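This is what each chain is made of:
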Amino acid sequence: MTTPPTSDVDLFADEVVLDPYPVYAELRELGSVVHLPGNDVHVLTRYDVIRDALADWESFSSTSIAFNPMANEALTGTSLASDPPVHTQLRATLTENLSPRALRGLKGRIEAKADALVAELVEKGSFEAIDALARVFPLEVVADLIGFTGHVRDNMLRWGQAAMQVLGPMNQRTTDNFPIAGELYEWCSQVRAEDLAEGSVGRGIFEAEARGAVPPGTAGHIIHQYLGAGVDTTVAAIGNIVSLFAAHPDQLDLVRKDPSLVPAAFNEVLRFWPPVHAWGRLTTKDVDIDGAVVPAGSQIAILFGAGNRDPRHYANPDAFLVERNPVDHLSFGYGPHGCAGQGLARLEAHAVIEALSRRVGRLVVGPEVRVPSNITRSIEELPVLEVTPA
């Protein structure tokens, strides 16, 4: 038994969060687990080890998903940051409204909305892809789903971004975002059923609380997760779709010729550029990872992007190939904490890919702008300079 190799990489340095792939490759070659003393974390870098850790909630607890104690404390009692059996009950209400059956009724509306939006943008001939598509679309879908009205709708983007930023270490980004994340937290702790539109999922969560299906006082927490965990990551994924199809027109052609490739294309977008950079776990005991021992009580950072590009698991992992269909990518997590909103994210992304492949012949984009961010890796600006209609 040995101790894990170490590296002086700062996982949250600006240059790393902007383009982590060279660092991921370097860490992956060092070992499947690497200690970063500068961040006081052990990173998991290879596909099999990440997947095993995500499945093993008894050794890798979710009570420390953030990289600072304040955020972990604030998340106590949520399904994101709890382990079974508590997690199982909280999660049931969250997923009740996100099951394939529950989402079936939304499919037509989401597809029509995506198609109308893309048609309008194609007609314009040039547009800002992040503002006009990647943000607008998921914000509308989630707002309608939960039943948000008024000022809450206006604040969803800021709140969703801040909720992810504050999961980072206690750096400037985290400190700057705590007050904004606090606004969301405060609103969620005071929200009442009547604040949400009738017939919405948000109302349904309060009804579940009223009939005792979830513990008293947790409906607001559950709504917090729809917004905190779901908005920023979906915005990132849709921005990535536009950028990757613009950079790989041959891959967009393949989807246009064979629309059945839409789900495969989204899986490949998620594998190639996961919206989440690092996610936390806490070891509950000494854990042996490929012969290296990680001590009990260690903060773990799961690097989805490193696992998704592991050549031990995917051939030619640095190529973007829609026909690959990596259904087993790690970007939605795995095991009991696999992303609760993945069904909704798929509906939204598939609708966007379908609309783009049906209406767009070619996309010419200007340089993409990225802004350093602790947890979500997304594009901030992506000018579409020219669209050739299909």
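Below is a short write-up of the structure. Note on numbering: residues in each chain are counted from 1, in written sequence order. Note on the predicted model: pLDDT of at least 70 is required for a residue's local features to be given, and 80 or more for side-chain atom pairs to be given and counted; whole-chain, interface and lining totals, by contrast, use all residues. Values shown for side chains rest on all heavy atoms present in the structure; no hydrogens or waters enter the calculation.

**Describing the overall build of the chain**
Secondary structure elements are defined from DSSP: runs of H or I of at least 4 residues count as helices, runs of E of at least 2 residues count as strands, and each element is numbered from the N terminus. What the chain contains, in helices and strands, is 15 helices and 12 strands. A compact globule built from 390 residues should have a C-alpha radius of gyration of about 21 Å, and the chain, at 20 Å, falls within 12% of that. Under the scheme applied here, a residue whose accessible area is under 20% of the maximum for its type counts as buried, over 50% as exposed, and between as partly exposed, the area being computed with a 1.4 Å probe on protein chains only. With 390 residues in all, the chain has 57% of them scored as buried. Once local pairs closer than 6 in sequence are excluded, the contacts in the chain between residues at least 24 apart make up 72%. Summed over all atoms, the accessible surface of the chain reaches about 15,600 Å², with 53% contributed by carbon and sulfur. Note on method: radius of gyration uses C-alpha positions; expected globular size equals 2.2 Å times residues raised to 0.38. By the convention used here, residues are in contact when the closest approach between their heavy atoms is within 4.5 Å. Only the protein chains shown count as cover for residues, and all accessible areas are computed by the Shrake-Rupley method using a 1.4 Å probe.

**Details of the packing of aromatic side chains**
Where two aromatic rings form a pair, the distance of their centres and the angle of their planes describe that pair. Centres within 6.5 Å make a pair out of two Phe, Tyr or Trp rings, where for Trp the six-membered ring is used; the pair is then stacked when the planes are under 30 degrees apart, edge-to-face when over 60, and tilted otherwise. All chains considered together, the criterion is met by 9 aromatic pairs. Taking 5.5 Å as the distance between ring centres and 65 degrees as the angle between the ring planes, the aromatic pair formed by F148 and W187 counts as edge-to-face. Here F148 is found in the loop between helix 7 (129–146) and helix 8 (150–165), whereas its partner W187 is found in helix 9 (residues 172–190), with 39 residues between them in sequence. Residue F148 shares its accessibility class with W187, and that shared class is buried. Relative to F320, the ring of F245 lies with its centre 6.2 Å away and its plane at 70 degrees, an arrangement referred to as edge-to-face. Residue F245 is found in helix 11 (residues 219–247), and its partner F320 is found in the loop between helix 14 (304–308) and helix 15 (342–359); the two are separated by 75 residues along the sequence.

**Quick notes on the environment of Q299**
Topologically, Q299 is positioned in strand 8 (residues 299–302). According to the relative accessible area criterion, Q299 is buried, its value standing at 14%. Separated by 23 residues in the primary sequence, Q299 and V322 have C-alpha atoms spaced 35 Å apart. Filtering out sequence-adjacent residues up to four positions away, Q299 remains in contact with D40, V41, H42, S64, A66, F67, G280, R281 and L282.

**Comments concerning the side chain of N68**
Looking at the secondary structure, you find N68 in the loop between strand 3 (60–61) and helix 4 (69–75). Any pair of N or O atoms that falls within 3.5 Å is considered a polar contact. Within protein, one atom must be able to donate a hydrogen and the other to accept it, and sequence-neighbouring residues count only if both atoms are side-chain atoms. At 3.1 Å, the side chain of N68 forms a polar contact with the backbone nitrogen of M70. From its side chain, N68 meets the backbone oxygen of V166 in a polar contact 2.8 Å long. The contact partners of N68, leaving out residues within four places of it in the chain, are V166, L167, G168, P169, M170, T174 and F178.

**So, the packing of helix 9 against helix 11**
Comment: axis = line fitted to C-alpha atoms, over the contacting stretch for helices; angle = value between 0 and 180 degrees taken between N-to-C directions. For the pair helix 9 and helix 11, interaxial distance at closest approach is 8 Å and the crossing angle is 145 degrees. Both helix 9 and helix 11 take part in a crossing whose hand is right-handed. Together, L184, Y185, W187 and C188 of helix 9 and G220, H221, I223, H224, L227 and G228 of helix 11 make up the contact between the two elements. Residues belonging to the contact of helix 9 with helix 11 are distributed by class as follows: 6 nonpolar, 4 polar and no charged. What makes a crossing left-handed is the near helix being turned counterclockwise from the far one by less than a right angle; a clockwise turn instead makes it right-handed. Note on residue classes: Ala, Val, Leu, Ile, Met, Phe, Trp, Tyr, Cys and Pro are nonpolar, Asp, Glu, Lys and Arg are charged, and everything else, Gly too, is polar.

**Quick look at the pairing of strand 1 (residues 33–36)**
In this sheet, strand 2 (residues 41–44) lies alongside strand 1 in antiparallel orientation, the contact comprising 4 bridges. In the sheet register, H35 faces strand 2, and the bridge partner there is H42. Between the antiparallel neighbours strand 1 and strand 2 lie 4 residues, among them D40 with a positive phi of about 55 degrees. One bridge is not enough; two strands pair if DSSP finds at least two bridges between them.

**Let's talk about the side chain of T233**
By the secondary structure assignment, T233 is in helix 11. In terms of polar contacts, T233 uses its side chain to reach the backbone carbonyl oxygen of A229, at 2.9 Å.

**Some remarks on helix 15**
Each helix should span, by expectation, one fewer than its residue count multiplied by 1.5 Å. Taking 1.5 Å as the rise per residue, helix 15 with 18 residues should run 26 Å; its terminal C-alpha atoms sit 25 Å apart, in good agreement. Among the residues making up helix 15, those that are buried are L344, A345, L347, E348, A349, H350, A351, V352, I353, A355, L356 and S357.

**Here's the deal with the sheet that holds strand 9 (residues 360–365)**
Reading across from one edge, 4-12-9 is the order of the 3 strands in this open sheet, with antiparallel pairing throughout. The sheet is open, and its two borders are formed by strand 4 (127–128) and strand 9, each paired with just one other strand. As defined by bridge partners, strand 4 adjoins strand 12 (residues 383–389) across 2 bridges and the pair is classed as antiparallel. Among the inter-strand pairings, F127 is bridged to a residue of strand 12, identified as V384. The strands touched by helix 15 are strand 9 and strand 12; relative to strand 9, the strand with the most contacts, the crossing angle is about 100 degrees.

**Some points on the state of the cysteines**
Should the sulfur atoms of two cysteines be covalently bonded, the bond is a disulfide. Note on disulfides: each one is a pair of cysteine sulfur atoms within 2.5 Å. The full count for this structure, using the stated rule, is 0 disulfides. Not part of a disulfide, C188 finds its nearest cysteine sulfur in C339, a span of 17 Å. Overall, the relative accessible area of 29% leaves C339 in the partly exposed class.

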